[in-house]
Amino acid sequence: MTPSPYIIDHIMTVMDTAFDPEYGEAWNRRQVSDALVMPSTHALVLDTRGALIEDGPDSGRPSGFVLTRHAADEEELLLIAVSPEHRGQGFGRELVERLFLRARERGVARIFLEMRQGNPAEQLYRSAGFEPIGRRPKYYRLATGGTLDAITFGRTL
């Protein structure tokens, strides 16, 4: 199934401003498009009012998105982002809560994610019930040449 160009446009609008280039975490349009071709990959996009953006050109301005991949009774949170001007307003929490609802509908029992050490989103993850379950030393390479550990989190639904 071909992903909607409108949903990809909305994701890329947020992607282009949400990630610090030093960490190399942002995906390009091709990566997003390729991921969304897979039936196991899901996207949720919120507008600036906190409502889900539906497919179409007049669906509102995006504030944030989440991308996940589902396999059996597990789901992996691949990316979550909120545009800088909408941070601190509950959009990240809303995305996570909507993810939990949709994942339950898909029969998911456990959600996992991986983040770089020091990522400010850790506070959101912990407050949503995610707990650290693993660490990969020196996994992330920085633009400056340094490295950071990857921390794996899990949450039972």
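Above this text sits the structure in question.
Residues numbered from 1 in each chain as written. Predicted model: local features only at pLDDT ≥ 70, side-chain atom pairs only at ≥ 80, totals over all residues. Heavy atoms only, no water.

Undergrad: Explain the sheet that holds strand E3 (residues 74-82) to me, please; I cannot follow it from the model alone.
TA: Pairing between the strands of a sheet comes from backbone hydrogen bonds, and it takes one of two forms, parallel or antiparallel. If you trace the 6 strands from one edge of the open sheet to the other, you get E1-E2-E3-E4-E6-E5, paired in mixed fashion. At either end of the open sheet lies a strand with only one pairing partner, and these are strand E1 (41-47) and strand E5 (131-141). In this sheet, neighbouring strand axes are inclined to one another by 25° on average, regardless of whether the strands run parallel or antiparallel. In the packing of helix H3 (residues 91-105) onto the sheet, the strands contacted are E1, strand E2 (62-71), E3, strand E4 (110-116) and strand E6 (147-156), and the crossing angle to E3 comes to about 155°. (Pairing = 2+ DSSP bridges. Helix = DSSP H or I, 4+ residues; strand = E, 2+ residues; numbered from the N terminus. Axes fitted to C-alpha atoms, helices over the stretch in contact; angles between N-to-C directions. Contact = heavy atoms within 4.5 Å.)

Undergrad: What's the story with the side chain of serine 83 in this structure? I'm lost.
TA: Structurally, the position occupied by serine 83 is in the loop between E3 and H3. With sequence-adjacent residues up to four places away left out, serine 83 is seen in contact with Val14, Thr17, Pro62 and Ser63.

Undergrad: Any chance you could explain the pattern of salt bridges here in plain terms?
TA: Side chains that differ in charge, positive against negative, can pair when their charged atoms come close. According to the stated counting rule, one finds 12 salt bridges in the structure shown. Between glutamate 114 and arginine 136 there is a salt bridge, with the nearest N and O atoms lying 3.3 Å from each other. One end of the pair, glutamate 114, is in strand E4; the other, arginine 136, is in strand E5, with 22 residues separating them in the sequence. Taking the relative accessible area as the measure of exposure, arginine 136 reaches 40% and is therefore partly exposed. (Salt bridge = Lys/Arg side-chain N within 4 Å of Asp/Glu carboxyl O. Buried < 20%, exposed > 50% of the residue type's maximum accessible area, 1.4 Å probe, protein only.)

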